[in-house]
Amino acid sequence: MIAFFDRSNREIMALQLHDTLQGKKVAFAPLVEGEVTMYLCGPTVYNYAHIGNARPAVVFDLLARLLRRRYKLTFARNITDVDDKINAASIETGKPIDEITARFIAAYNEDMGALGVRPPDVEPRATRHIGEMITMIETLIDKGFAYVAEEHVLFDVSSYEKYGVLSKRDLREMIAGARVEVAPYKKVAHDFVLWKPSSPEIPGWDSPWGRGRPGWHIECSAMAKKYLGETIDIHAGGQDLVFPHHENESAQSCCAHDGAPFARYWLHNGFLSLDKTKMSKSLGNVLLVHDLIKTIPGEVIRLALLSAHYRQPLDWSAETLEAARRMLDRLYGAVRGVAVSRKARTAADIPDAFLAALEDDLNTPKALAELFGLARALNKATDATTRKTLAAQLYACGDLIGVLGDDPDAWFAGRADGEMSAADIEALISERTKARAARDFEAADAVRDQLDAAGISIEDGDGGTSWRRST
Ligand code: AMP
Ligand code: ZN
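Residues numbered from 1 in each chain as written. Chains lettered and ligands numbered in written order. Predicted model: local features only at pLDDT ≥ 70, side-chain atom pairs only at ≥ 80, totals over all residues. Heavy atoms only, no water.

**Some points on the pairing of strand 15 (residues 456–461)**
This is how the line gets drawn: Pairing between two strands is assigned when DSSP locates at least 2 bridges connecting them. Strands here are runs of E lasting at least two residues and helices are runs of H or I lasting at least four, both read from the DSSP assignment and numbered beginning at the N terminus.
In this structure, strand 15 lies alongside strand 16 (residues 464–469), joined through six bridges in antiparallel fashion. Its bridge partner lying in strand 16, Gly461 is registered against Gly464. Where strand 15 folds back on strand 16, the antiparallel hairpin that results is connected by two residues.

In structure tokens form, the structure reads like this:
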């Protein structure tokens, strides 16, 4: 095992990560000493990212920050800009595909930026890598892992004996239990598309199999290979991607590369629910980051997303936000009035316990508890030098997890004691929306009165309810 040393030459534990394939927490060591490659499945750009989509972006941004302390990291997060949902959005809105994807790529980066998510090292777009995908598909056909049928190319799952290992599924049972109607060109239901034909009105590229477009899974395999190599250290994404997306990526890449492992550690974040229900467009309970950041500081949203362990489910509610805001009040309250230069912040030692918590499979709840311990010590300290040292450490910890970037006075500015916070206002508005949906107009009016009394006026419009503080 490789030993690590901190700046004071103390030996520190290796980073521990939970690997989905092994089903347990394991010590992390990269393939090439000192260097790490990481791939995160990014957004499909046909609308704004919702708060659930922000969870992997924020969580794995934290992991990237942590990895960069020790290693030279190459982090790729792709953009899926060819997809049937994008085609559907183009038909629905009458807008050209490129206009839709350009708009939502920009919005995604802006919204994630507001949450403190740093840009990845590479952000490859699927449509710019069609050639690489075609090459990989040709390799899979040549090696006997894929077949052409009716202008489609399909991956032959029964040709790969490890199919199902990542998601712990038994292929024979899956095939026996398949209820879906099998497309006539497939040998078995679970064979998945590598390439499919495009009708003239939708995007398509010339290929040996006719004009068409790639399947979703091959995008990630081809782009990961191009930027990170055949075997990557860490592959990350939301839990829903384990099957079929990651199982399929893994199958394609391993088969194209003569069995070389695709990813050495598979990391998956748990799901975020909204007021204990699944977020879904049809239920009308989708919270867009784009909207949230209009009224809630990005740091509050980021800390709320990090307040639960990343593998656990996270229920998002007004209380989640309120709790995060209160946490930041405590942290900013502690450093307020202590002048700490940028240089002192960067030079400060990050306390071992804080780092150890993060390096223990990103145990953010524990790390935050350590942070509050530090804030308490700072509040108690009276000696100016000790206060400066503790404040610098608090800032350094904040920098690592992507909070405390504001000036403490600015954080509290404009918020008179007792003034209703944006999170509280949002919570009341969402309560009112729910009451109205349930036709409980009395309850809805009561909320409006409460907001009125707090000096908040609201207005209902097409995009939902907006609010402002009355002057
Ligand atoms: P999509 O654009 O749907 O492919 O999703 C982008 C990323 O967000 C993927 O890594 C998904 O696993 C993740 N994701 C989608 N919905 C949620 C959710 N409710 N909670 C956590 N992660 C999610
Ligand atoms: Zn992917």
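**Regarding the pattern of salt bridges**
For clarity, the cut-off: A carboxyl oxygen of Asp or Glu within 4 Å of a side-chain nitrogen of Lys or Arg is what we treat as a salt bridge. Whether a residue is buried, partly exposed or exposed follows from its accessible area with a 1.4 Å probe, protein chains only, as a fraction of its type maximum: under 20%, in between, or over 50%, in that order.
In this structure the tally under the stated criterion is 26 salt bridges. For Arg125, the salt bridge goes to Asp81, with nearest N and O atoms at 2.8 Å. With Arg125 in the loop between helix 3 (97–114) and helix 4 (130–142) and Asp81 in the loop between strand 6 (72–77) and helix 2 (84–93), this residue pair connects regions lying 44 residues apart in the sequence. Linking Arg436 and Asp460 is a salt bridge whose minimum nitrogen-to-oxygen distance equals 3.5 Å. You can see Arg436 sitting in helix 16 (residues 422–437) and its partner Asp460 sitting in strand 15, a full 24 residues away along the chain. Taking relative accessible area as the criterion, Arg436 reaches 37% and is therefore assigned partly exposed. The partly exposed category is assigned to Asp460, whose relative accessible area is 34%. Through salt bridges with shared partners, a single network forms among Glu322, Arg325, Arg326 and Asp329.

**So, the packing of helix 13 (residues 364–380) against helix 14 (residues 384–401)**
Heads up, the rule is: Between the N-to-C directions of two axes lies an angle of 0 to 180 degrees, each axis being a line fitted to C-alpha atoms and, for a helix, fitted only over the stretch in contact. Throughout this description, any angle smaller than 35 degrees is read as roughly parallel, any larger than 145 degrees as roughly antiparallel, any in the 65 to 115 degree range as roughly perpendicular, and the remainder as oblique. The hand of a helix crossing depends on one turn: near helix anticlockwise from the far one by less than a right angle means left-handed, and clockwise means right-handed. The contact definition used throughout considers only heavy atoms, calling two residues in contact when any of these lie within 4.5 Å. In the scheme used here, Gly and all other residues not listed as nonpolar or charged are polar, with Ala, Val, Leu, Ile, Met, Phe, Trp, Tyr, Cys and Pro taken as nonpolar and Asp, Glu, Lys and Arg as charged.
Running from N to C, helix 13 and helix 14 cross one another at 160°; their axes reach a closest spacing of 9 Å. Taken together, the axes of helix 13 and helix 14 are roughly antiparallel relative to one another. Between helix 13 and helix 14 lies a crossing whose hand is left-handed. Listed contacts from helix 14 to Leu368, Leu371, Leu374, Ala375, Ala377, Leu378 and Asn379 of helix 13 are Arg387, Leu390, Ala391, Gln393, Leu394, Cys397 and Ile401. Class assignment for the residues of the contact of helix 13 with helix 14 results in 11 nonpolar, two polar and one charged.

**Looking at the sheet that holds strand 9 (residues 192–197)**
Overall, antiparallel pairing links the four strands, which are arranged 7-8-9-10 in an open sheet. Among the strands making up the open sheet, the edge pair consists of strand 7 (146–149) and strand 10 (212–214). Neighbour to neighbour, the strand axes of the sheet diverge by 20° on average, direction disregarded. By the bridge criterion, four bridges tie strand 7 to strand 8 (residues 152–155) in an arrangement that is antiparallel. Its bridge partner being in strand 8, Val148 is matched across the sheet by Val153.

**What to know about the coordination of the zinc ion (ligand 2)**
Heads up, the rule is: Counted as donors are N, O and S atoms no farther than 2.8 Å from the metal, or 3.2 Å for Na, K and Ca; water is not among the atoms, and sites may therefore look incomplete. Irregular is the label for any site that misses the other tests, which are tetrahedral for four donors with all angles between 85 and 135 degrees, and square planar for four donors or octahedral for six when opposite donors exceed 155 degrees and the remaining angles lie between 65 and 115.
Protein coordination at the zinc ion (ligand 2) comes from Cys41 (SG), Cys220 (SG), His245 (NE2) and Glu249 (OE), with a distance range of 2.0 to 2.2 Å. Considering all four donor atoms around the zinc ion (ligand 2), the spread of angles at the metal, 74 to 133°, places the coordination shape in the irregular class.

**Overview of the site of ligand 1**
Basically, it comes down to this: Proximity is defined per residue: any heavy atom of the residue falling within 4 Å of a molecule or strand makes that residue near it. Polar contact criterion, stated in full: a pair of N or O atoms within 3.5 Å, where within protein one must be able to donate a hydrogen and the other to accept it, and residues adjacent in sequence count only if both atoms are side-chain atoms. The protein chains shown are the only cover counted for residues, whose accessible areas, like all others here, come from Shrake-Rupley with a 1.4 Å probe.
In the neighbourhood of ligand 1, 13 residues make up the surrounding shell, with Gly52, Asn53, Gly238, Asp240 and Leu272 lying closest. In the model, an oxygen atom of ligand 1 is placed 3.3 Å from a nitrogen or oxygen of the Asn53 side chain. Separating a nitrogen atom of ligand 1 from a side-chain N or O atom of Asn269 is a distance of 3.4 Å. Relative to its free-state accessible area of 490 Å², ligand 1 is covered by the protein chains to the extent of 85%. Contributions of two or more residues to the shell around ligand 1 are made by helix 1 (51–70) and strand 11 (232–238). Counting residues per element, the shell around ligand 1 draws most heavily on helix 1, at three residues. Within the shell around ligand 1, the residues separate by chemical class into four nonpolar, eight polar and one charged.

**A few points about the pairing of strand 8**
Side-chain alternation along strand 8 places His152 and Leu154 on one buried face and Val153 and Phe155 on a second face that is also buried. Two successive antiparallel strands, strand 7 and strand 8, enclose a turn made up of two residues, where Glu150 displays a positive phi of approximately 50°. Note that strand 8 and strand 9 share three bridges and pair antiparallel. When the bridges of strand 9 are listed, Leu154 appears paired with Val193.

**Digging into a negative patch on the surface**
To be explicit about the condition: Exposure above 30% relative accessible area and the lack of any salt bridge qualify a residue for a patch; like charges then connect within 9 Å, and the nonpolar side chains Val, Leu, Ile, Met, Phe, Trp and Tyr within 5 Å. Charged residues are defined here as Lys and Arg on the positive side and Asp and Glu on the negative side; His and the ends of the chain fall outside this count. In plain terms, the charge of a residue is placed at NZ if it is Lys, CZ if Arg, CG if Asp and CD if Glu.
On the surface, Asp440, Glu442, Asp445, Asp449 and Asp452 cluster together into a negatively charged patch. Mapping Glu442 onto the fold places it in helix 17 (residues 441–453).

**Remarks on unusual backbone geometry**
Looking along the chain, the bond that leaves Phe243 and enters Pro244 is cis, with omega of 0°. Among the secondary structure elements, Pro244 is positioned in helix 7 (residues 242–256). Here the phi dihedral of Asp258 falls at roughly 50°; this positive angle occurs in a residue that is not glycine. Along the chain, Asp258 turns up in the loop between helix 7 and strand 12 (263–269). The residue Leu362 is not glycine, and still its phi comes out positive at about 55°.

**With respect to the sheet that holds strand 12**
Spatially, the four strands line up as an open sheet ordered 6-5-11-12, and their pairing is parallel. Bordering the open sheet on either side are strand 6 and strand 12, each of which pairs with just one other strand. Between one strand and the next, the sheet's axes are offset by a mean angle of 20°, whatever the strand orientation. Examined bridge by bridge, strand 5 (residues 35–40) and strand 6 share six bridges and lie parallel to one another. Bridge pairing in strand 6 links Tyr39 to Ala76. Against the sheet, helix 1 makes contact with strand 5, strand 6, strand 11 and strand 12, and its axis sits at roughly 175° relative to strand 5, the strand it touches most.

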